[in-house]
Amino acid sequence: MSEITNDWPVWEVFTQKKSGAPHEHAGNLHAPDAEMALQNARDVYSRRNEAVSIWVVPAEHIVSSTPEDMGPFFDPANDKIYRHPQFYSVPKVVKKRS
Amino acid sequence: MNFNEKSAFMEEQARLDEFNRKLEAGEKIEPKDWMPERFRKQLIRMMSQHAHSEIVGMLPEGNWITRAPSLRRKLILLAKVQDEAGHGLYLYSGTETLGVSREQLIEDLHSGRAKYANIFNYPTLTWADIPIIGWLVDGAAIVNQTMLAKSSYGPYARANLRICKEESFHKKQGYEAVALLANGTPEQKKMVQDAVDRWWWPTLMMFGPHDSNSPNSSELINWKVKTKTNDELRQSFVDRTVEEAHAVGLTIPDPDLKFNEEIGHWDFGPIDFDELYRVVNGDGPCNKERLDARRSAWDNGAWVRDAASEYARKQKLRTIKAS
């Protein structure tokens, strides 16, 4: 049996369902280079026209926040209720119309 | 306990509390979240077995691609087998998020260390076995995977959701071909009934041992990796499948099969779990054939992987030189 040395890097795959929609994470795969990553992504994640466009990104190039940071990292947004429309009162007559 | 030990213990406890709170709240556990070692280990076991089953599952059906009775059936079978490869890849990807490498997973399968679904160690003797696999085996897989699409481990849930979307085609094409044979010539009818007789009991075994004898099951249910027990899933499969069999005039090979008015379910006879253990532990009719086929597919594809790696290496060198 040949030695198992599949050290191909992981590529994260993002697919766009239809033109105008955002690219969303679909999954990942191993591939030796970008071209094969793209072709394999089509075969693995879009066998039924699930995508009109595909991005592949080397997984090592993705920077993400960590679960431990979740509280402190996002809390600057917590006390800014004035960023939401519900914060503002509108005269009743106007409210009824909308 | 000294101060350091004590604070490490408390930190561990806080993480466990957070893990349990998430499960309780119905939130998903994601790869970067803390999880108990046992949870990780059990998930690797379960997810890799699932992945291996998809990959080995291509073999009994793949055998019939060249002999499918029409171009239509050939195209369908090709598409189905390709889907199974895709399902294996979704699940391997999901398993890798738990810190195990693809190489390790493949190595475990090829060395015979890893287990996979009992069902793929049975031979596909006639064409009728292919429709029957689609109807029964994929039908059983749908019952299981519909539950797993709600699993508490995010990557596993997402992989199963994707699988479920494709699996209903597998079952439907199978049932359509079963119905065609069941309404065909006497020979065709006999052939398809013979296939039901051979595949029925192994399919019921796919759901695993009885709940009273399934130590992994209750743990996985506590973690909400699974939300139904083996027996619940098996019952739900029997209920829907018996009706489908009767609709096309096929008989289920179980003299004890009887509708239980009281509980509204089909009662069925005892399952030979000794056979299940024998087949899962390597002593089924086709275990050796399946693993040999896997290994030779891997070996015969080595030059393709090597060429792809070498091409990528050269392209990279060229880009570096050019800049």
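Residues numbered from 1 in each chain as written. Chains lettered and ligands numbered in written order. Predicted model: local features only at pLDDT ≥ 70, side-chain atom pairs only at ≥ 80, totals over all residues.

1. Observations concerning the overall build of chain B
When its secondary structure is counted, chain B shows 13 helices and 2 strands. Projected onto the principal axes, the alpha-carbon positions of chain B cover approximately 75 × 65 × 35 Å. Each of the 323 residues in chain B was classed as buried or not, and the buried ones make up 34%. In chain B, 72% of the contacts between residues at least 6 apart in sequence involve partners at least 24 apart. (Helix = DSSP H or I, 4+ residues; strand = E, 2+ residues; numbered from the N terminus. Buried ≥ 20, exposed ≤ 12 C-beta atoms within 10 Å, placed from the backbone. Contact = placed C-beta atoms within 7 Å.)

2. Observations regarding the interface of chain A and chain B
Listed by partner, the interface residues are 15 residues for chain A and 22 residues for chain B. Looking at the side of chain A that touches chain B, the elements with two or more residues in it are β2 (23-30) and α1 (34-45) of chain A. Per-element accounting of the side of chain A that touches chain B gives the leading share, 4 residues, to β2(A). Tallied by class, residues from the side of chain A that touches chain B come to 7 nonpolar, 6 polar and 2 charged. (Nonpolar A, V, L, I, M, F, W, Y, C, P; charged D, E, K, R; others polar.)

3. Some thoughts on helix α1 (residues 3-24) of chain B
Residue and element names in this part refer to chain B. Given a rise of 1.5 Å per residue, 22 residues ought to cover 32 Å, and the 31 Å separating the end C-alpha atoms of α1 matches this to within 8%. Counting buried residues along α1, only 0 of its 22 residues qualify, which leaves the element largely exposed. After α1 finishes, the residue G26 shows a positive phi value of roughly 75°. (Expected span 1.5 Å × (residues − 1).)

4. A closer look at the nonpolar core
Ranked by size, the top nonpolar core spans 73 residues in total, and within it L29(A), I132(B), A140(B), V178(B) and V192(B) carry the most contacts. Considering each element in turn, this core owes the most residues, 10 residues, to helix α6 (residues 129-148) of chain B. Once residues lying within four places of it in the same chain are set aside, the contact partners of A140(B) are T203(B), M206(B), F207(B) and F237(B). (Core = buried A, V, L, I, M, F, W, Y, C linked by C-beta atoms within 7 Å.)

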